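# Examining the three-dimensional arrangement
Okay, here's what each chain looks like letter by letter:
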Amino acid sequence: MDKVKKEQGKRFLVVANWKMNKTIREAEKYIEELKPLIADLKVPIWIAVPYTAIHTCREKFPATIAIGAQNMNDASSGAFTGEVAGVMLKEAGADFVLLGHSERRQYFHETDEFINKKILRALEVPLKPLLCVGEGFEERETKRTKEVLETQLKTCLKGVTKEQMENLLIAYEPIWAIGTGKAATPERVKETHADIRTILEDMFDQTTAFRTPILYGGSVSASTTEELASTEGVDGFLVGTASLDPQSFAKIAALSENVL
Ligand code: 13P
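Here the structure is a predicted model, which means the values were calculated and not measured.

Unoccupied space between atoms shows up once a probe the size of one water molecule is rolled over them. Taken as a whole, the largest pocket holds about 480 Å³ of empty space. Every residue lining the largest pocket is counted, 15 residues in all, and those nearest its centre are K19, M20, Q70, R104 and F108. Of all the elements, helix α5 (residues 102–107) adds the most residues to the lining of the largest pocket, at 3 residues. Along the lines of polarity and charge, the residues of the lining of the largest pocket split into 7 nonpolar, 4 polar and 4 charged.

Okay, structure coming up:
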């Protein structure tokens, strides 16, 4: 593990999740404001936007910024009124797709089995899946976090090969930290990311476990960035609320750069 770590050095990635925010016009305004603020940054930046803004974002953001969707259907095409297929996202300009976000699990009843089908489809397209996992408040209080993560990871990643894992990322997003302004403590994040790596090692191998980027998400803000970015095992952030304002998102990206 140490050998691999040395070879790779510190990596870090900052991902925005706009959720159901920003019309095309609002996205254009955001891009114009954000571009000069991040022009000199080295840290990779990815932005997950609503379906309707993918094409505009791809056209107007520099090619170095990856654009992603926040969901997709598991089928390749067909009679699924209102759904969007991975190939459509790809052609619209998406490079990656968030899958398994807790808001989709909670409000749209997505199960680990369904998320697994979407992951396999995304890899086939290919789109890079950014799989979100995380425990709820009750599960945390009853000390079932590792068990919950193990079930989510084992089911969502069923049938994914080691080679495919090279194109997949994981975000640890404790549900109790999302949109609450209360990020998890660095100690808890360090411990949980280590647990996720152990589970991945058990499922695949040590190299795959180390190479898979594990991001943290849940009330990341400029004030928590430095502490969380330098936490062991954190390879990036998935930022919701604070990504909606170009100034605060750029600040998070700039502060994250210190760990590179
Ligand atoms: P907040 O940053 O608003 O807590 O949202 C986190 C999140 O859900 C990102 O996917």
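Next comes the rest of the account.
This part is about the pairing of strand β8 (residues 236–239). Covered by surrounding structure in β8 are G236 and L238 together with F237 and V239, the residues of both alternating faces. Sheet analysis places strand β1 (residues 13–17) next to β8, joined by 4 bridges and oriented parallel. Bridging from a neighbouring strand, A16 pairs with V239 of β8. Two strands pair when backbone bridges link them, and strand β7 (residues 214–217) and β8 are joined in this way by 2 bridges, in the parallel orientation. Residue Y216 lies in a different strand from β8, and its bridge partner there is F237.

Turning our eyes to something else, we now look at the sheet that holds strand β4 (residues 96–99). Strand order in the closed barrel formed by 8 strands is β1-β2-β3-β4-β5-β6-β7-β8, and the pairing between neighbours is parallel. Across the sheet, the axes of successive neighbouring strands diverge by a mean angle of 25 degrees, strand direction being ignored. Where strand β6 (residues 169–172) lies against β7, 3 bridges are found, and the strand directions are parallel. Bridge assignment links Y172 to a residue of β7, and that residue is Y216. Against the sheet, helix α10 (residues 186–203) contacts β5 (128–133), β6 and β7, and its axis sits at roughly 145 degrees relative to β7.

Once that is clear, we can look at the site of the ligand. Neighbouring the ligand are the residues N17, K19, H101, E173, A177, I178, G179, G218, S219, L238, G240 and T241. Separating an oxygen atom of the ligand from a side-chain N or O atom of H101 is a distance of 2.8 Å. Protein chains shield 98% of the accessible area of the ligand, which is 310 Å² for the free molecule. Classifying every residue of the shell around the ligand gives 3 nonpolar, 7 polar and 2 charged.

Quick look at α10 now. Its 18 residues give α10 an end-to-end C-alpha distance of 26 Å, which sits within 8% of 26 Å, the value for a rise of 1.5 Å per residue. Taken together, the buried positions of α10 are P186, V189, T192, H193, D195, I196, R197, I199 and L200.

With that settled, the discussion passes to the environment of D95. Positionally, D95 belongs in the loop between α4 (86–92) and β4. Remark: the alpha-carbon pair of D95 and W46, spanning 49 residues in sequence, is separated by 9.2 Å.

Here the focus is the pattern of salt bridges. Counted according to the given criterion, the structure contains 18 salt bridges. Among the ionic pairs, K29 bridges to E33, the shortest N-O distance being 3.6 Å. One end of the pair is K29 and the other is E33, both in helix α2 (residues 24–38) and 4 residues apart, which spans about a single turn. For K29, a relative accessible area of 56% corresponds to the exposed category. Within the structure, one salt-bridge network assembled from shared partners comprises R11, R197 and D235.

We now examine the side chain of T231. Of note, T231 is situated in the loop between α12 (222–229) and β8. Ignoring any residue separated from it by four or fewer positions in sequence, one finds T231 in contact with K10, P186, V189 and K190.

It is worth spelling out helix α13 (residues 246–256) at this point. Taken residue by residue, α13 has P246, F249, A250, I252, A253, L255 and S256 as its buried positions. Structurally, α13 contributes buried residues whose contacts are with β1, α2, β2 (45–48), α12 and β8.

Before going further, it helps to spend a moment on the packing of aromatic side chains. Applying the stated criterion to the full structure yields 4 aromatic pairs. On the basis of an interplanar angle of 85 degrees and a centroid distance of 5.1 Å, the ring pair of F12 and F237 is categorised as edge-to-face. Taken together, the positions of F12 in the loop between α1 (2–8) and β1 and F237 in strand β8 put the pair 225 residues apart, joining distant regions of the chain. The buried category is assigned to F12, whose relative accessible area is 4%. An angle of 40 degrees between the planes, with centres 4.8 Å apart, marks the rings of W46 and F96 as tilted. With W46 in strand β2 and F96 in strand β4, this pair connects stretches of sequence that are 50 residues apart.

Parameters at a glance
Per-chain numbering applies: the sequence of each chain, read as written, is numbered from 1 onward. The predicted origin of the model limits local features to residues at a pLDDT of at least 70 and limits the giving and counting of side-chain atom pairs to 80 or more, whereas totals for whole chains, interfaces and linings rest on all residues. Water and hydrogen atoms play no part in the side-chain values, which are based on all heavy atoms of the structure. Cavities and pockets were defined on a 1 Å grid built from protein atoms only: a cavity is a group of points that admits a 1.4 Å probe but offers it no way out, a pocket is an open group of points flanked by protein on both sides within 12 Å along at least five of seven lines, and a lining residue is one with an atom within 4 Å of any such point. Grid points are joined across faces, edges and corners, and a volume is the space filled by probe spheres set on the points. Under the DSSP-based scheme used, a helix requires at least four consecutive residues in state H or I and a strand at least two consecutive residues in state E, with every element numbered from the N terminus. Residues are grouped as follows: Ala, Val, Leu, Ile, Met, Phe, Trp, Tyr, Cys and Pro are nonpolar; Asp, Glu, Lys and Arg are charged; every other residue, Gly included, is polar. A 1.4 Å probe rolled over the protein chains alone gives each residue an accessible area, and that area as a share of the maximum for its type sets the label: buried under 20%, exposed over 50%, partly exposed in between. Note on pairing: DSSP must find at least two bridges between two strands before they are called paired. Geometry is summarised by axes, namely lines fitted to C-alpha atoms with helices restricted to the contacting stretch, and by angles between N-to-C directions that run from 0 to 180 degrees. Whether two residues touch is decided by their heavy atoms; if any such pair falls within 4.5 Å, the residues are in contact. By convention in this text, a residue qualifies as near a molecule or strand provided that one of its non-hydrogen atoms is within 4 Å of it. Under the rule applied, a polar contact is a pair of N or O atoms within 3.5 Å (in protein, one hydrogen donor and one hydrogen acceptor; residues adjacent in sequence only if both atoms are side-chain atoms). In short, Shrake-Rupley with a 1.4 Å probe defines the accessible areas, and a residue's cover is counted only from the protein chains shown. Each helix should span, by expectation, one fewer than its residue count multiplied by 1.5 Å. The rule for a salt bridge is simple: a side-chain nitrogen of Lys or Arg has to be within 4 Å of a carboxyl oxygen of Asp or Glu. Here a pair means two rings of Phe, Tyr or Trp (six-membered ring of Trp) with centres within 6.5 Å. Their orientation is stacked below 30 degrees between planes, edge-to-face above 60, and tilted elsewhere.

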